[in-house]
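Chain and residue survey
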Amino acid sequence: MLDFFTIFSKGGLVLWCFQGVRGPAAACTAPVNALIRSVLLQEKGGSNSYTHEALTLKYKLDNQFELVFVVGFQKILTLTYVDKLIDDVHKEFRDKYRNEFQQNGTLGILNGTFDFQEDFLRLLRDAEESSKARAPIIMKTFEQSEKSKKTVKTLIETKGEKPKEKTKNKKNKGSKKEGEWVFQQATPKAPLVVKQDQPVAAGDKEEPSKDEILQKNREEFFRKHMKGGEKSNRSPKQDTQKDKGKKPRVWDAGNSNAKVLDYSNSTTNGNTDTCPMEEYDPDMDREPGRLRDIEYESEEETEEEEKTVQNSSSASAKKGGLGGMFGMLKGLVGSKSLTRDDMEPVLEKMKDHLIAKNVAAEIAVQLCESVAKKLEGKVMGTFTTVTSTVKQALQESLVQILQPQRRVDVLRDVMEAQRHRRPYVITFCGVNGVGKSTNLAKISFWLIENKFSVLIAACDTFRAGAVEQLRTHTRRLNALHPPEHHSGRTMVQLYEKGYGKDAAGIAMEAISYARNQGFDVVLVDTAGRMQDNAPLMTALAKLIAVNAPDLVLFVGEALVGNEAVDQLVKFNKALADHSMAQSPRLIDGIVLTKFDTIDDKVGAAISMTYITSKPIVFVGTGQTYCDLRSLNAKAVVAALMKA
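Residues numbered from 1 in each chain as written. Predicted model: local features only at pLDDT ≥ 70, side-chain atom pairs only at ≥ 80, totals over all residues. Heavy atoms only, no water.

This paragraph deals with the overall build of the protein chain. Looking only at helices and strands, one finds 22 helices and 18 strands in the protein chain. Summing over all exposed atoms, the protein chain offers an accessible surface of approximately 39700 Å²; the carbon and sulfur share of this is 52%. (Helix = DSSP H or I, 4+ residues; strand = E, 2+ residues; numbered from the N terminus. Areas by Shrake-Rupley, 256 points an atom, 1.4 Å probe, with all protein chains shown as cover.)

Quick look at the structure:
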């Protein structure tokens, strides 16, 4: 039994609605709004079904008239006729009101009246009856099977006897045909020997078989290979090429610059107080406290590239004559609706391109499927190619994915917490070795430049050297922003209790200490853990549940491909499973690290935001404290679509 069936435009105007269960209209409105927010606006139309609480929603898009057909029913029910029903309703509704849509367009939707109740009930009855009328599958009897037609003699196998069918097809490997080439394995002493049997008489000569042709080709290959080996052995370059050893250092006796001649290490072994200072130039070309966007190609560079492409295409057109003209016009769609067959080759290339750019394979397939559903049936312009249309639609989808539902503004949230006289708490989590502590220090530097005081909670009580690493970062940050520059106020401080302690208890004490001492932000550093480690994931869920941080950031590196999906899915699942609360706290945002090491293979950003629907808050682009950026969706998409 259906709960509801509704037809609405992509602009949000409901054209017709059927409600099969008595109740308020909100029972139909809330699931449809959730479908629009989570699937249609987030470009996740790869699957035609969506689950919302106890309901399963199935939908179909009509791209020609910009319509959406949605049916909802209880997910515990198995209704086999739903797909047929939604297809039949789509076809019937289009055919009935096609002229009204084509003649009046949007005005026809606004001013039109759609009396579709009787037609829908008729289609619903037909679909239900067709599902009931299916005859059950009857098992074959023994007389109807192939085995009954065989005689008893064919079923008996004598021990040691080979079946005749197999012996007929098999060739005797030991025997050789006349004229067949025989190869003996070459040894260092004996060269390769090629023998040939005596050929048959000229009158009995037949055409060579495939095996003979293959053997001749092998013989020619071996001859060339042996000649090439002899040439390579005689080449004089082999003797001249030797391994280059370490070059000796050249000391300039006349150099009076002590810094150039000083090759000693600035740190003292065993002394933790002396450490190299961060290279920091206060007069460098940047605004303090401002996160710059990720850089990408300027419009002038893209225009120059387009000019070069146009020049090369014009030159090829001159060479080809009429062929170049017809090649240019090839692929244009002349005012017709796009079909799946038209888009299939282009989508296949796009999918391979996305996977090569480090997008997870599963995500790439879903993206291409979503674009196909978005464009199928859409009427194109006269001078528009299928490739350009699909590429533009994919670019729009990728930009939409990188701009998810919630936008995290850390500075605004910190100021809001200041008004309530409490610290703003950020917890960092992730797998081992992705750069949690390093990027925590970068974010500390950014917050200090925005005049916020920071308390770092060393809750990584597992990894050796984790507390010492944060202690070094704290000392460097205090050297860059000494208390004298901030009215005697210490801008960053470390709260640590050593190793082997309970991380949740340390975080609770740090938050209480920050509240008493008037710190603005608390940054909680946690131990790296794999997504399959149940005890450590339980400890992380406990830390988040007990302390209730304002922001939970997952730190992931940009080098991962398919692993990004597995990490995020299992992290969220583990946080939900090991939390005792009814509405468990999950990941709120993502910090993408090592972005400077991937060139244009930026697919991890797409995979992470697609699987979680959470924004990428920070992007790490280097080793210094200033190498922190905010995500520019257009820059990432431009790098992703670059050939």
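Moving on to unusual backbone geometry. Phi is mostly negative for residues that are not glycine, and the peptide bonds are mostly trans. Positive phi outside glycine occurs at Glu66, with the angle close to 55°. Within the fold, Glu66 resides in the loop between strand S4 (55-62) and strand S5 (67-74). If you check the backbone angles, Lys451 has positive phi at about 70° while not being a glycine.

What follows deals with the pairing of strand S14 (residues 521-525). Among the five residues of S14, five are classified as buried, and the element is accordingly described as predominantly covered. Burial of the side chains of S14 extends over both faces: Val521, Leu523 and Asp525 are buried on one face and Val522 and Val524 on the other. As defined by bridge partners, strand S11 (residues 424-430) adjoins S14 across five bridges and the pair is classed as parallel. Following the sheet pairing, Ile426 is matched in S14 by Leu523. (Buried < 20%, exposed > 50% of the residue type's maximum accessible area, 1.4 Å probe, protein only. Pairing = 2+ DSSP bridges.)

As a further point, take the sheet that holds strand S12 (residues 454-458). Pairing in this open sheet of nine strands is mixed, and the strands run S8-S18-S17-S16-S15-S11-S14-S12-S13 from one edge to the other. Looking at strand neighbours, the two that pair on one side only are strand S8 (292-293) and strand S13 (492-495), the edges of this open sheet. Strand direction decides the pairing type here: S12 and S13, joined by four bridges, are parallel. Looking across to S13, one finds that Val454 is bridged to Val492. Strands S11, S14, strand S15 (551-557) and strand S17 (616-620) of the sheet are contacted by helix H15 (residues 410-419), whose axis makes an angle of about 135° with S11. (Contact = heavy atoms within 4.5 Å. Axes fitted to C-alpha atoms, helices over the stretch in contact; angles between N-to-C directions.)

Before going further, it helps to spend a moment on the packing of helix H19 (residues 534-547) against helix H20 (residues 562-577). A pair of packed helices is captured by two measures, namely the crossing angle of their axes and the spacing between those axes. One way to put it is that H19 packs onto H20 with a least axis distance of 8 Å and a crossing angle of 65°. The handedness of the crossing between H19 and H20 is right-handed. Contacts from Met537, Leu540, Ala541 and Ile544 of H19 reach H20 at Phe571, Ala574 and Leu575. Of the residues belonging to the contact of H19 with H20, the class tally is seven nonpolar, no polar and no charged. (Left-handed = near helix turned anticlockwise from the far one by under 90°. Nonpolar A, V, L, I, M, F, W, Y, C, P; charged D, E, K, R; others polar.)

Take the pairing of S11 next. The element S11 is extensively covered by neighbouring structure, given that seven of its seven residues are classed as buried. Of the pairings in the sheet, the one linking S11 to S15 comprises five bridges and is parallel in character. The residue of S15 that forms the bridge with Gly430 is Val555.

So, on to the UniProt feature "domain: SRP54-type proteins GTP-binding" (unreviewed entry) in the protein chain. Mapped onto this numbering, the UniProt entry annotates "domain: SRP54-type proteins GTP-binding" (unreviewed entry) at residues 615-628. Taken as a whole, residues 615-628 contains 0% helix and 43% strand, while its terminal C-alpha atoms sit 16 Å from one another. (UniProt positions renumbered as here; feature names shortened; annotations may be inferred.)

A few words now on H20. Between its terminal C-alpha atoms H20 stretches 23 Å, which fits the 22 Å expected from 16 residues at 1.5 Å a residue. Turning to H20, its buried residues number three or more, namely Ala564, Val565, Gln567, Leu568, Phe571, Asn572, Ala574 and Leu575. (Expected span 1.5 Å × (residues − 1).)

The next point concerns the packing of aromatic side chains. Per the counting criterion, the structure on display carries 15 aromatic pairs. Geometrically, the ring pair formed by Phe93 and Phe116 is edge-to-face, given 5.2 Å between the ring centres and 85° between the ring planes. One end of the pair, Phe93, is in helix H2 (residues 82-104); the other, Phe116, is in the loop between helix H3 (106-111) and helix H4 (117-132), and 23 residues separate them in sequence. Taken as a pair, Phe93 and Phe116 share a single burial class, namely buried. Measuring from ring centre to ring centre gives 5.0 Å for Tyr97 and Phe114, while their planes differ by 75°; the resulting arrangement is edge-to-face. Taken together, the residues Tyr97 in helix H2 and Phe114 in the loop between H3 and H4 connect sequence positions 17 residues apart. Taken together, Phe5, Trp16, Phe18, Phe69, Phe93, Tyr97, Phe114, Phe116 and Phe120 form an aromatic cluster joined through their ring pairs. (Phe/Tyr/Trp six-rings, centres within 6.5 Å; stacked < 30°, edge-to-face > 60°.)

Now for the confidence of the model for the protein chain. Averaged over all residues, the pLDDT of the protein chain is 77; the fraction at 70 or higher stands at 72%. Of the regions scoring below 50 in pLDDT, residues 235-242 engages in two contacts with residues more than four places distant in sequence or in other chains. Within the model, the stretch residues 298-310 combines pLDDT values under 50 with two contacts to residues more than four positions away or in other chains. (pLDDT = per-residue confidence, 0-100.)

Here the focus is the environment of Leu77. Of note, Leu77 is situated in the loop between S5 and H2. In this structure Leu77 comes out as partly exposed when scored by relative accessible area, which is 34%. Separated by 21 residues in the primary sequence, Leu77 and Thr56 place their C-alpha atoms 9.2 Å from one another.

This part covers the sheet that holds strand S3 (residues 49-52). Read from one edge to the other, the open sheet built from five strands follows the order S2-S1-S5-S4-S3, with strand pairing classed as antiparallel. Since the sheet does not close on itself, it has two edges, and those belong to strand S2 (14-19) and S3, each with one partner. The mean angle between the axes of side-by-side strands here comes to 15°, regardless of whether they run parallel or antiparallel. Pairing of strand S1 (residues 2-9) with S5, which is carried by seven bridges, proceeds in the antiparallel orientation.

So, on to H15. Those residues of H15 lying buried are Val410, Leu411, Asp413, Val414 and Ala417. Projection of H15 onto a plane perpendicular to its axis shows the buried side chains occupying an angular sector of 165°, all on one side. Where H15 is buried, its residues touch S11, helix H16 (436-449), S14, S15 and S17. Looking one or two places after H15, you find Arg421, whose phi comes out positive at around 55°. (Arc of directions from axis to C-beta.)

Attention now moves to the pattern of salt bridges. Applying the stated criterion across every chain, the model contains 25 salt bridges. The salt bridge partner of Lys60 is Asp87, with a shortest N-O separation of 3.5 Å. With Lys60 in strand S4 and Asp87 in helix H2, this pair connects stretches of sequence that are 27 residues apart. Notably, a salt bridge pairs Lys351 with Glu348, separated by 3.2 Å at the nearest N-O pair. Note that Lys351 and Glu348 are positioned in helix H12 (residues 340-356) at a spacing of three residues, about one turn of the helix. Taken together, the shared-partner salt bridges connect Glu92, Lys96, Asp119 and Arg122 into one network. (Salt bridge = Lys/Arg side-chain N within 4 Å of Asp/Glu carboxyl O.)

A general tendency of soluble globular proteins is for nonpolar side chains to be buried together. Of all hydrophobic cores here, the largest spans 115 residues; its most connected members are Val390, Val410, Ile426, Trp446, Leu447, Phe595 and Phe618. Those residues within four positions of Phe595 in sequence are excluded, and the remaining contacts are Ile294, Ala558, Val602, Val619, Gly620, Thr621 and Val636. Listed in part, the 26 residues of the second largest apolar core include Leu79, Tyr97, Phe114 and Phe120. (Core = buried A, V, L, I, M, F, W, Y, C linked by side-chain atoms within 4.5 Å.)

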